[in-house]
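As a plain string of letters, each chain reads:
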Amino acid sequence: MKKKLYIRMSVISIIVMLLSIFVTVGILYGQFIQQIMEDLKTNVRILKSTEAVLEYVEKNYDPNIDNLRITVIDADGNVKYDSNVDSKKMENHKNREEVAEALENGSGQAIRKSDTLDKNTYYYAERLENGQVLRAGKEAGSLWQFGMKILPTMIMELLLAVMVCIIAAKYLSKKLVEPIELLAQNLDNDVQMETYSEIQPFLDKIHSQHKDLKKSTKMRQEFTANVSHELKTPLASISGYAELIETGMAKEEDIKRFAGEIHKSSNRLLSLINDIIELSELDVMDGEKSTSPVDLSLEAENCVEMLKMNAKKHGVSISMAEKEQSCVIQADRDMIQEVIYNLCDNAIRYNKEDGHVQVSVKKNKDNITLEVKDDGIGIPKKDQERIFERFYRVDKARSKKTGGTGLGLAIVKHIAEQHDAEIRLVSNVGEGTTISIIFSEK
């Protein structure tokens, strides 16, 4: 990357320098022509101020002194005098551009290749009081000839400029790439890299994405390890009891109990697989969801009715607080049902004998809050920040006993994040837990 950047910067710099030199030569050549015309005009006016111009130039003018060609032309275009060529051999000049312009307007100028001298000549002419035209001409090189004269100087300047550009390009390419190379070497470090302000956001973004990728990779590795461990336990239980029955080692009176354990483990295995599949689907969705208006109060009421029988089996009662009207949010209905079910199911599993679970939906000024409150075992302060992690359990023995998978609250957190909802937790050991999901009203 550094080499490519260096080469491209060098090439661009050289091209810019060449273009600059060509433009400069063109501008200088234009000024050169302008200066020649001014000099010719000055000489013509000096000679014009002399009495008897024709007689004066014939007797006194020496073309070798100032390298000027002086021509006197009568009103009919006939050449009366020329300092460089025999006037008798010259053709009529009435149609020459500068002469015609001088006869008509008083003065004229032209640049052309002379037919007699076969060189580029610059002409300026003015009409005299007697009707004749006094013309001064001077040989000068073309743009190409002008450029060739200053070519050695141009080449030296170009070589110097190229050297400066190459050195500057090398330095700048190194400075541009250096922060990126340092970042590549220190991606795993949490040290904030300081560089020039224009590229700092880019480096910060790469560093942040790398950290997120590492975190995601670590979570997936931990999740895979936890899945393997969680699946191994019920499978080992099923395999062990089935083997006892198959080999005839189980007594008649134990077969029914072993079958019950197999059924219990298979249910746990099924629950684990379902939760793992759901989490995987949520990960794949990555924020994409199909939303529609969802009445949160109605969904909560339906969930409470569905879980009453399950709550009764655990010696817990579940009820819905007074229903509020128009508690509608824009959400994925299936996901919202999953959130309510998991929160209520968790509150039932981790409750105590004769405990109670209350579900409420409250409408506030700019949001709607789903709240699930229980008076169960509560969560210790040290565990409250981790209970939404996958497979994290406060009471592992109780979780296995009640058939919990350790994924319910992780699913809740994932769905809440996809709906830009806020989760709040209030819990005290022995007093109960309240989990609130706050949805923005849209």
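Structure's up top.
Section: the overall build of the chain
Along the backbone of the chain there are 12 helices and 12 strands. Among the 442 residues that make up the chain, the fraction classed as buried is 38%. Long-range contacts, defined as pairs at least 24 residues apart, comprise 61% of the intrachain contacts of the chain with a sequence gap of at least 6. Accessible surface computed for the chain: about 26700 Å², of which carbon and sulfur atoms make up 53%.

Comments concerning the packing of aromatic side chains
Scanning all chains against the criterion turns up one aromatic pair. With 4.9 Å between their ring centres and 40 degrees between their planes, tyrosine 241 and phenylalanine 258 make a pair best called tilted. Taken together, the positions of tyrosine 241 in helix H7 (residues 200-246) and phenylalanine 258 in helix H8 (residues 252-285) put the pair 17 residues apart, joining distant regions of the chain.

A word on the nonpolar core
In this structure, Leu296, Ile318, Leu343, Leu370 and Ile437 are the most contacted members of the largest nonpolar core, which totals 38 residues. When residues of this core are traced back to their parent elements, those giving at least two are helix H9 (296-313), strand S7 (316-320), strand S8 (328-331), helix H10 (333-349), strand S9 (355-363), strand S10 (367-374), helix H12 (408-418) and strand S12 (432-440). Examining the composition of this core, we find that eight residues originate from one element, H10, more than from any other. In contact with leucine 343, other than residues within four places in its own chain, are Leu370, Val372, Leu409, Val412, Ile435 and Ile437.

Details of the pattern of salt bridges
As enumerated under the stated definition, the model contains 10 salt bridges in all. Arginine 333 serves as the salt-bridge partner of glutamate 299, at 2.7 Å between the closest nitrogen and oxygen. Of this pair, glutamate 299 sits in helix H9 while arginine 333 sits in helix H10, placing them 34 residues apart in sequence. Residue arginine 424 pairs with glutamate 422 through a salt bridge whose shortest N-O separation is 2.9 Å. Judged by relative accessible area, which is 39%, glutamate 422 ranks as partly exposed.

A closer look at H9
Between its first and last C-alpha atoms H9 spans 26 Å; for 18 residues at 1.5 Å apiece the expected length is 26 Å, and the two agree. If you look at H9, its biggest bend is around 45 degrees, right at leucine 307. Listed in full, the buried residues belonging to H9 are Leu296, Ser297, Glu299, Ala300, Cys303, Val304, Leu307 and Ala311. The backbone nitrogen of serine 297 has a side-chain oxygen 3.1 Å away, supplied by the residue at the start of H9, namely aspartate 295. At the exit of H9 stands glycine 315, carrying a positive phi of roughly 70 degrees.

Points about the packing of H10 against H12
Between H10 and H12, the least distance of the axes is 9 Å, while the angle of their chain directions is 145 degrees. Pair H10 / H12 crosses with left-handed handedness. Where H10 abuts H12, its residues Met335, Glu338, Val339, Asn342, Leu343 and Asn346 lie against Gly408, Leu409, Ile411, Val412, Ile415 and Gln418. Of the residues assigned to the contact of H10 with H12, the class counts are seven nonpolar, four polar and one charged.

Re the sheet that holds S9
With mixed pairing, the five strands of this open sheet are ordered in space as S7-S9-S10-S12-S11. Each edge of the sheet is formed by a strand with only one pairing partner; in this case those strands are S7 and strand S11 (422-428). For this sheet the average axis-to-axis angle between neighbouring strands, irrespective of direction, equals 10 degrees. Across the face of the sheet, H9 comes into contact with S7, S9, S10 and S12 while running at roughly 165 degrees to S7. Contacts between H10 and the sheet are confined to S7, S9, S10 and S12, with S10 contributing the most and set at about 25 degrees to the helix.

Overview of a nonpolar patch on the surface
A contiguous nonpolar surface patch, about 350 Å² in accessible area, is contributed by Ile7, Val11, Ile15 and Leu19. The residue valine 11 is located in helix H1 (residues 2-48) in this model.

Quick word on helix H4 (residues 97-105)
Along H4, the residues classified as buried are Glu98, Val99 and Ala102. Taken around the axis of H4, the buried residues stretch over an arc of 100 degrees, which confines them to a single face. Across H4 from its buried face, at more than 90 degrees, point the exposed residues Glu97, Glu104 and Asn105.

Quick word on the sheet that holds strand S1 (residues 69-73)
Read across the open sheet, the five strands follow the order S2-S1-S5-S4-S3; overall the sheet is antiparallel. The two strands at the open ends of the sheet, each matched to only one other strand, are strand S2 (79-82) and strand S3 (107-113). Sheet twist, expressed as the average angle between the axes of neighbouring strands with direction ignored, equals 20 degrees. As judged from the seven bridges shared by S3 and strand S4 (residues 120-127), these two strands associate in the antiparallel manner. The residue of S4 that forms the bridge with serine 107 is glutamate 126. Relative to the sheet, H4 contacts S1, S3, S4 and strand S5 (133-139), its axis offset from that of S3 by approximately 175 degrees.

Conventions and cut-offs
- Residues numbered from 1 in each chain as written.
- Predicted model: local features only at pLDDT ≥ 70, side-chain atom pairs only at ≥ 80, totals over all residues.
- Heavy atoms only, no water.
- Helix = DSSP H or I, 4+ residues; strand = E, 2+ residues; numbered from the N terminus.
- Buried < 20%, exposed > 50% of the residue type's maximum accessible area, 1.4 Å probe, protein only.
- Contact = heavy atoms within 4.5 Å.
- Areas by Shrake-Rupley, 256 points an atom, 1.4 Å probe, with all protein chains shown as cover.
- Phe/Tyr/Trp six-rings, centres within 6.5 Å; stacked < 30°, edge-to-face > 60°.
- Core = buried A, V, L, I, M, F, W, Y, C linked by side-chain atoms within 4.5 Å.
- Salt bridge = Lys/Arg side-chain N within 4 Å of Asp/Glu carboxyl O.
- Expected span 1.5 Å × (residues − 1).
- Bend = angle between axes of the 7 residues up to and from the residue.
- Polar contact = N/O pair within 3.5 Å; in protein donor to acceptor, adjacent residues only side chain to side chain.
- Axes fitted to C-alpha atoms, helices over the stretch in contact; angles between N-to-C directions.
- Left-handed = near helix turned anticlockwise from the far one by under 90°.
- Nonpolar A, V, L, I, M, F, W, Y, C, P; charged D, E, K, R; others polar.
- Pairing = 2+ DSSP bridges.
- Patch = residues over 30% accessible without salt bridge, like charges linked within 9 Å, V, L, I, M, F, W, Y side chains within 5 Å.
- Arc of directions from axis to C-beta.

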